[in-house]
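Spelled out from the first residue to the last, the chains are:
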Amino acid sequence: MLQPFGRAAHWRLNDPYERTWSGSNRVLPQGSHSNAKTSDIHDEKKKDKGRFSSKVVRVLLLHGWAGNAGVIERMTRRLCRRLKDLVDFVIPSAPISLPPLESPPPPPRRGRPNARAWFVYNMDNPSDTNGFLQTSTVKYYKWEESVRHLHKICKDEGPFDGIMGFSQGAAAVHLLLQGHFERIFTKFRFRFVVLAAGFAGSGCGKGWSHKIEIPSLHFSGDADTTVPPCHQSHLFSCFSEKNRVLSRHLGGHILPQKSKDVATIRAFIEKYSNASEHALESCRHKLK
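Values in this document were obtained by computation on a predicted structure and should not be read as measured data.

Novice: Explain the overall build of the protein here, please?
Specialist: For the protein, the count of helices and strands is 10 helices and 10 strands. Taking all 288 residues of the protein together, 53% fall into the buried category. Look at the contacts in the protein between residues 6 or more apart in sequence, and 79% of them connect residues 24 or more apart. A total accessible area of about 13200 Å² is found for the protein, and carbon and sulfur atoms account for 51% of it.

Novice: What is the right way to read unusual backbone geometry from this model?
Specialist: A cis amide bond, omega 5°, links G158 with the succeeding residue P159. On the secondary structure map, P159 appears in the loop between α6 (143–157) and β7 (162–166). Positive phi, close to 55°, is recorded for S167, a residue that is not glycine. For S167, the location among the structural elements is in the loop between β7 and α7 (168–179). Among the residues examined, S167 registers a relative accessible area of 5% and is labelled buried.

Novice: Just to check I follow, could you spell out the packing of aromatic side chains for this structure?
Specialist: Each aromatic ring pair is specified by the distance between its two centres and by the angle formed by the two planes. What the rule picks out here adds up to nine aromatic pairs. Ring centres of F119 and Y121 lie 5.6 Å apart, and the angle between their planes is 85°; on these two criteria the pair is classed as edge-to-face. Here F119 and Y121 have matching classes, each one buried. On the basis of an interplanar angle of 85° and a centroid distance of 6.0 Å, the ring pair of F119 and W143 is categorised as edge-to-face. Taken as a pair, F119 in the loop between β6 (116–117) and α6 and W143 in helix α6 lie far apart in primary sequence, 24 residues in all.

Novice: Looking at this structure, how should I read a positive patch on the surface?
Specialist: Together, R78, R81, R82 and K84 make up a region of like positive charge exposed at the surface. With respect to the element layout, R81 can be found in helix α5 (residues 77–82). Here R81 falls in the partly exposed class, since its relative accessible area comes to 47%.

Novice: What's the story with the nonpolar core in this structure? I'm lost.
Specialist: Core analysis: the biggest nonpolar cluster contains 44 residues, and L60 and W143 have the highest contact counts within it. Going through the elements one at a time, β3 (57–62), α6, α7 and β8 (192–196) are the ones with two or more residues in this core. Examining the composition of this core, we find that seven residues originate from one element, α7, more than from any other. Non-local contacts of L60, meaning those with residues more than four positions away in its chain, are made with V90, P92, L150, I153, C154, F160, G162, I163 and M164. Counting residues in each nonpolar core, the second largest holds 28 residues, with A69, F89, M164 and Y272 among its members.

Novice: Looking at this model, I keep getting lost on α6. Mind explaining?
Specialist: Since one α-helical turn is 3.6 residues long, residues separated by three or four positions face the same way. The end-to-end C-alpha separation of α6 is 21 Å, in line with the 21 Å expected for 15 residues at 1.5 Å each. Listed as buried for α6 are W143, S146, V147, H149, L150, I153, C154, D156 and E157.

Novice: Quick question: what am I supposed to make of the pattern of salt bridges here?
Specialist: Working definition: two side chains of opposite charge can pair if their charged atoms are close together. If you walk through the whole model with that rule in mind, you get six salt bridges. Residue R248 is joined to D222 by a salt bridge in which the shortest nitrogen-to-oxygen separation is 2.7 Å. Linking R248 in strand β10 (residues 244–249) with D222 in the loop between β9 (216–221) and α8 (229–237), this pair joins segments that are 26 residues apart in sequence. When its relative accessible area of 42% is taken as the criterion, R248 is described as partly exposed. Accessibility expressed as a relative area gives 40% for D222, which makes it partly exposed. The shortest N-O distance in the salt bridge between R266 and E270 comes to 3.8 Å. In this pair, R266 and E270 are both assigned in helix α9 (residues 259–272), four residues apart and thus about one turn of the helix distant. Where salt bridges share partners, they join D85, R266 and E270 into one cluster.

Calculation notes
Residues numbered from 1 in each chain as written. Predicted model: local features only at pLDDT ≥ 70, side-chain atom pairs only at ≥ 80, totals over all residues. Heavy atoms only, no water. Helix = DSSP H or I, 4+ residues; strand = E, 2+ residues; numbered from the N terminus. Buried < 20%, exposed > 50% of the residue type's maximum accessible area, 1.4 Å probe, protein only. Contact = heavy atoms within 4.5 Å. Areas by Shrake-Rupley, 256 points an atom, 1.4 Å probe, with all protein chains shown as cover. Phe/Tyr/Trp six-rings, centres within 6.5 Å; stacked < 30°, edge-to-face > 60°. Patch = residues over 30% accessible without salt bridge, like charges linked within 9 Å, V, L, I, M, F, W, Y side chains within 5 Å. Salt bridge = Lys/Arg side-chain N within 4 Å of Asp/Glu carboxyl O. Lys, Arg positive; Asp, Glu negative; His and termini not counted. Charge placed at Lys NZ, Arg CZ, Asp CG, Glu CD. Core = buried A, V, L, I, M, F, W, Y, C linked by side-chain atoms within 4.5 Å. Expected span 1.5 Å × (residues − 1).

Below is the structure:
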């Protein structure tokens, strides 16, 4: 079974799902796009227009299994701080709520009351992750709910230059680009992808065997026991040879944030965030 990433303090019961700010990065609470009025969202965007215009690139950041927006924001705080002159991160929580652990640890460790997921593997037991790394076709439940959720985020908070995913968030990015890229391309005009500790999404359908042409940067940890390097290599192989970059590190199931890692991300984003509209149109045609 996959366990929540990070310290137990991440899972305290009083995590406020309120709209908060970390620097200029927007942390979106779960439900904000299903319940908030469109006019309210546009008013906030208008109010903060100056804040966003000072940056070059906007990136949508997706957390991993049993995470949430607050957890991934804390986890990537060093990365966000070192890229604050270049990137605005928008960080949503997944719409699917996971049940608390059956045997939660004693206080102050209170299980995972705010754990979220982009899809689940078992409708009867959402916490069940058995077989999540199977190479054969795996049924993902509630994935369409996440697609609608992300579509609305892109509509209300976009446009975004790129998308970044960690662990299950990386698999969600892969599923999004493979299965739904054509249908909602106008809302997901991503110029680049950054993936860490990810695995390939399972499934089949039109164009599923085609290489994804969008430029991609992949981080893979040699000591990762949650998603072993062989599965991360499989995800890497799903992207076009000419547009993909692999960065290996000695760590485990993390999004690395050492100086050299941040420099790699910065160079990659600076290179591809300036892609021409012609290049974007070329990517779309190749995915048809």
